[in-house]
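Architecture and fold: a report
Listed here are the chains, written in short residue letters.
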Amino acid sequence: MGVVKHRLFWPIAALLTLVVVNTLSRPQFIKVTVRDGQLYGALIDILRNSAPLMLVALGMTIVIATRGIDLSVGAVMAVSGAVALTIIHDSGNPDNLGTVVSAVVVALLVALVLGSWNGMLIAVLGIQPIIATLVLMLAGRGVALLITEGFITTVNSGPFEYIATGYLLILPFAFLISLTAILLIGAFERRTALGMLTEAVGINPEASRLAGVRSRGIIFSVYVVSGLMAGIAGIIYSSNIRAADANAAGLFIELYAILAVVLGGTSLQGGKFSIAGTVIGVLIIQTLNSTILFLGVPSAQSPVFFALVVVLVVIVQSPRVRQLGRRPRGATGSDGTADKPAKAEVGA
Amino acid sequence: MSNHGASPPGSSIVEMRGITISFPGVLALDNVDFSLRSGEIHALMGENGAGKSTLIKALTGVYAIDSGEIAVAGRPVVFHTTADAQVAGISTVYQEVNLCPNLSVGENVMLGHEPHRGGRIDWKGVHEQAAEHLRSLGVQIDTRTMLSSHSLAIQQLVAISRAMVLESRVLILDEPTSSLDRGEVEQLFAVIRELRTAGVAILFVSHFLEQVYEISDRVTVLRNGQLVGEYLIEDLPRHDLVTKMIGRVLDDLEAISEASNREVDRSGVPVLKATEVGRRGVLEPADLEVFQGEVVGLAGLLGSGRTELARLLYGADRADTGSISINGEPVRIGTPRHAIEQRIVFSSEDRRGEGIVSDLTVAENIVLGIQARRGWRHKIRKAERDAVVAEYMEALDVRPANPDSVVGTLSGGNQQKVLLARWLATAPELLILDEPTRGIDVGAKADIQRKVAELSAAGLSVIFISSELEEVLRLAQRVVVMRDRREIGQLDSNRVGLNDLIEYIANTSDGSAA
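Residues numbered from 1 in each chain as written. Chains lettered and ligands numbered in written order. Predicted model: local features only at pLDDT ≥ 70, side-chain atom pairs only at ≥ 80, totals over all residues.

Some thoughts on the overall build of chain B
- A tally of regular secondary structure across chain B gives 18 helices and 22 strands.
- Its C-alpha atoms give chain B principal-axis dimensions of about 80 × 55 × 50 Å.
- The burial tally for chain B puts 46% of its 514 residues in the buried class.
- A separation of at least 24 residues holds for 70% of the contacts in chain B among residues at least 6 apart in sequence. (Helix = DSSP H or I, 4+ residues; strand = E, 2+ residues; numbered from the N terminus. Buried ≥ 20, exposed ≤ 12 C-beta atoms within 10 Å, placed from the backbone. Contact = placed C-beta atoms within 7 Å.)

Given below as structure tokens:
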């Protein structure tokens, strides 16, 4: 009973169910093999491929905790990819590590500026988050196209490709990036007081301000972090396809990120948030994508299948359904009213 | 619904026996008996958290009961939903009216019971019948007007006439008068008395003792989830009622009053000296000095500028004129953070909107002030945090005594104590309390006043704002009177009485006050 009540019980259960279904249909799904001291397998692919969404969803989690939303993450991904690839492309020396590093640094600085722009609109000017980030969501891809001059910039750069496809020690480098981000954000939020202050601002901004919390600073910084995360995600994405595709990079990722946050049990109303929940939410989405491939669902129908599973997970997590599992105290029989969870039969 | 006719007057219509309801960690009702007779107005009294609303919710099918039984008109009943209770003839009018504000008055009165003609709703009949029901309550309004266009008082009367449409035998009025003015209360009471004559059993919950004495026939007192007793109102003097509610004698308040009746040394440098502090359109420039260990009351009507002055002093709103010195040092206070750095803290009158962070725990709410002051990098360590939380929860007697309960689930009085704890934990020099006792029960009120008296005697400076002038006079050594966004004078509260203060607020106006 105590386990079932845990916030993350249903997300974890959903994730495990997906893994079991996959393993039953194709046993090699669960197999992890070691080749040249590096890990390979479907599970490793999921960890590696989930990196962009993981980064974006982590940023989205703390944005949502402040009662905000960041719709611009996909566009920021496109911009950061475009900046990095254009620099590498124009350098004439794409295989030089220094070129790649400086390209990545510039791209991330641009992402920081874009995040700060969002933060400024929201925290300083007080514009509603959905409107403020919508501006950049729409304009960002235009900026990316401007940078790539309307073309899909492609490069052949060993060091740049390493980011998404390389291995460090035994694990994919991309996964290690997202793991670092998880640990860093987790540590910042929970080992310092930032998490509690963020939640306080999300639940009641005015009470927090009067309690002396720097609400503006916190709100500003979550958009900066979200922008930075999207920037890194954009680098990984373009490294993976070796190209800056301003139209396709990060398309709809804001929606998947929001979905991951919600699947992880963080409310869109702000306040209490869970980094661990978001991580599980991202893994559910990524595993689901693999499942669709694995089960051979025709690609035309895969969005429907995806949606069905997501709806199922969300329903299972909804407060009313969760209450169903709980027997009220002193209950002596069923009363059959799902919407009145606190109800018990009258004891004799 | 023929069984819903009026029962003979005086016969018992609702019998609740041995009602027990527990929530995780709290026994909300402990073996409580309650009976309600037709043709009586029965007041249910108790502090917040005494179990009044739990008892009402048990009777209206909102909460299930763990044990005990409920009988209506002699027949045992089990309510699963509020609809079950309504079918049994029990209707409730809450302080926040639960009608549809965007429908017309007539639609609200007749909702679900509209007369039909030829398979369609007979709208003319709806409004005729609604108007008739309202007229019987002495309300003459156009039933085609939108409900939201009417005052809360009228909306409550509409809710009552809706109960009449449902042919209710039991009408529960939960704090119906809390936002009504005197005239509206009179109108409501006239209606209630008429319903009593018609044999309806009325359960009345109110914080206003005077109204309880004015209208009730009988009173049941609850305390800490237990039944204290049932009394005829004429057998229970007011002092005894309050004593039964709070479980300790009113002498407490007397003691507070005496302790606060002391001379303050005003020869030194004031802790706070505000000169010409004001803001265009909000407050005319005002002066204020507060000395160490002094409680300064701010008195005046709502909108007189008392809250506005406090907010400017704290930086919650920015002053555009004037200067402030703390312990003789001139300081700039433009934001709450500046004030907190100067060890000035402020508890807003809007407890829910500007005070508590409702989804966080009691412990988190208490340490929020300290944590904000230290900054996010220096998280308060668990041992220190637990010690601070335990110390203040005990000092202020916060209940339930569980630091991990979510603060939004606490009663108003306990939320206020949590806020006070938050601020006291930051070791302030000047505590500004705006309406710290509004909407909370007698016991918590006394607790908070006692704490203020204790702390100020030990050297804390306090600015105390309250609509309850008795409180201001009891606690303060000096009262600053505000009117029309202006400071109009100061009184030595050790030397003036309540009537002098009321006189002063009302009369120096030259008749020009609104």
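Anyway, onward from the coordinates.
Thoughts on the overall build of chain A
- Across its full length, chain A holds 16 helices and six strands.
- Expected size for 348 residues packed as a compact globule is a radius of gyration near 20 Å; at 22 Å, chain A falls within 12% of this value.
- In terms of overall dimensions, chain A has C-alpha extents of about 85 × 55 × 40 Å along its principal axes.
- Counting over 348 residues, chain A shows a buried share of 49%.
- At a minimum sequence separation of 6, the contacts of chain A that also span at least 24 residues come to 74%. (Rg over C-alpha atoms; globule rule 2.2 N^0.38 Å.)

So, the sheet that holds strand β19 (residues 430-434) of chain B
Residues and elements named next belong to chain B.
- Read from one edge of the open sheet, six strands run β18-β19-β20-β15-β21-β22, paired in mixed fashion. Each end of this open sheet is capped by a strand with a single partner; those strands are β18 (344-347) and β22 (486-492). The mean inter-strand angle of the sheet, taken between neighbouring strand axes irrespective of direction, is 20°.
- Taken together, the four bridges between β18 and β19 define a ladder with parallel strand orientation. Following the sheet pairing, Ile-344 is matched in β19 by Leu-430. (Pairing = 2+ DSSP bridges. Axes fitted to C-alpha atoms, helices over the stretch in contact; angles between N-to-C directions.)

Considerations on the environment of B:Glu289
Residues and elements named next belong to chain B.
- Relative to the helices and strands, Glu-289 resides in strand β14 (residues 283-290).
- According to the C-beta neighbour criterion, Glu-289 is partly exposed, with 18 such atoms within 10 Å.
- In the structure, Glu-289 is positioned 14 residues away from Thr-275 in sequence and 8.6 Å away in space, judged by C-alpha atoms.
- Other than its neighbours up to four places away in sequence, Glu-289 contacts Pro-270, Leu-272 and Lys-273.

Here's the deal with the packing of helix α10 (residues 194-203) of chain A against helix α12 (residues 215-241) of chain A
Residue and element names in this part refer to chain A.
- Contact pair α10 / α12: the axes reach a minimum separation of 10 Å and the direction vectors enclose 100°. When the axis of α10 is compared with that of α12, the two are roughly perpendicular. Of the residues in α12, those in contact with Leu-197, Thr-198 and Val-201 of α10 are Ser-215, Ile-218, Ile-219 and Val-222.
- Tallied by class, the residues present in the contact of α10 with α12 amount to five nonpolar, two polar and no charged. (Parallel < 35°, antiparallel > 145°, perpendicular 65-115°, else oblique. Nonpolar A, V, L, I, M, F, W, Y, C, P; charged D, E, K, R; others polar.)

Topic: helix α13 (residues 253-263) of chain A
All names here are of chain A.
- Of all 11 residues in α13, 10 are buried, a share of seventy percent or more.
- Where α13 is concerned, the buried positions are Ile-253, Glu-254, Tyr-256, Ala-257, Ile-258, Leu-259, Ala-260, Val-261, Val-262 and Leu-263.
- Buried residues belonging to α13 abut α2 (9-25), α4 (51-65), α5 (73-91), α14 (275-294) and α15 (302-317).
- Immediately downstream of α13, the backbone of Gly-265 shows phi near 90°, a positive value.

A look at the interface of chain B and chain A
- Of the residues lining the interface, 34 residues belong to chain B; the matching set on chain A comes to 31 residues.
- Sorting the residues of the side of chain B that touches chain A by element identifies β4 (67-72), α11 (336-341), α12 (351-354) and α13 (362-374) of chain B as the ones contributing at least two each.
- Ranked by residue count, the leading element in the side of chain B that touches chain A is α13(B), at six residues.
- Considering only residue class, the side of chain B that touches chain A consists of 14 nonpolar, 10 polar and 10 charged.

What about the domain arrangement of chain B?
- Here chain B is described as being made up of domain 1 (2-246), domain 2 (248-343 + 428-514) and domain 3 (354-427).
- When each unit is reduced to the centre of its C-alpha atoms, the spacing between domain 1 of chain B and domain 2 of chain B is 39 Å. (Domains from an automatic or database assignment.)

What to know about helix α4 (residues 123-136) of chain B
Residues and elements named next belong to chain B.
- Its 14 residues give α4 an end-to-end C-alpha distance of 20 Å, which sits within 8% of 20 Å, the value for a rise of 1.5 Å per residue.
- Looking at the buried residues of α4, the elements they touch are α3 (105-110), β8 (120-121) and α5 (152-165).
- With its phi angle positive at about 75°, Gly-138 sits one or two positions after the end of α4. (Expected span 1.5 Å × (residues − 1).)

Regarding the nonpolar core
- By size, the foremost hydrophobic cluster in this structure holds 184 residues, and its most contacted members are A:Val56, A:Ala257 and B:Ile432.
- When residues are assigned to domains, this core turns out to be shared by domain 2 (248-343 + 428-514) and domain 3 (354-427) of chain B, each giving three or more.
- If near-sequence neighbours (up to four positions away) are discounted, A:Val56 is found in contact with A:Val73, A:Met229, A:Ala230, A:Ala233, A:Ile253 and A:Ala257.
- By size, the runner-up hydrophobic cluster in this structure holds 68 residues, among which are B:Ile41, B:Ile65, B:Ala88 and B:Leu99. (Core = buried A, V, L, I, M, F, W, Y, C linked by C-beta atoms within 7 Å.)

A few points about the packing of α5(A) against α12(A)
Residue and element names in this part refer to chain A.
- One can describe the packing of α5 onto α12 by two numbers: an axis separation of 7 Å at closest approach and a directional angle of 55°. The angle between α5 and α12 falls in the class oblique. With respect to the hand of their crossing, α5 and α12 are arranged in right-handed fashion. Here α5 contributes Val-73, Val-76, Met-77, Ala-78, Val-79, Ser-80, Gly-81, Ala-84 and Leu-85 to the contact with α12, which in turn contributes Ser-226, Gly-227, Ala-230, Gly-231, Ala-233, Gly-234, Ile-235, Tyr-237 and Ser-238.
- Considered class by class, the residues forming the contact of α5 with α12 number 11 nonpolar, seven polar and no charged. (Left-handed = near helix turned anticlockwise from the far one by under 90°.)

A few points about unusual backbone geometry
Residue and element names in this part refer to chain B.
- The omega torsion across Arg-399 and Pro-400 is 0°, close enough to zero to call that bond cis.
- With respect to the helices and strands, Pro-400 occurs in the loop between α14 (382-396) and α15 (412-424).
- Positive phi outside glycine occurs at Asp-397, with the angle close to 55°.
- Its place among the elements puts Asp-397 in the loop between α14 and α15.

Side note on the pairing of strand β10 (residues 201-205) of chain B
Residues and elements named next belong to chain B.
- For β10, the tally of buried residues reaches five of five residues, placing the bulk of the element in the interior.
- Neither face of β10 is open: one carries Ala-201, Leu-203 and Val-205, the other Ile-202 and Phe-204, and all of them are buried.
- Inspection of the sheet shows strand β3 (residues 41-45) paired to β10 by three bridges, in the parallel sense. Among the inter-strand pairings, Ile-41 is bridged to a residue of β10, identified as Ile-202.

Some words on the sheet that holds strand β13 (residues 272-279) of chain B
Residue and element names in this part refer to chain B.
- The strand order across the open sheet built from four strands is β14-β13-β16-β17, with neighbouring strands paired in antiparallel fashion. The strands lining the two open edges of the sheet, one partner per strand, are β14 and β17 (329-331). Each strand axis lies, on average, 25° off the axis of its neighbour in the sheet, ignoring direction.
- For β13 and β14, the ladder comprises five bridges, and the chain directions are antiparallel. Note on β14: the bridge partner recorded for Ala-274 is Leu-288.

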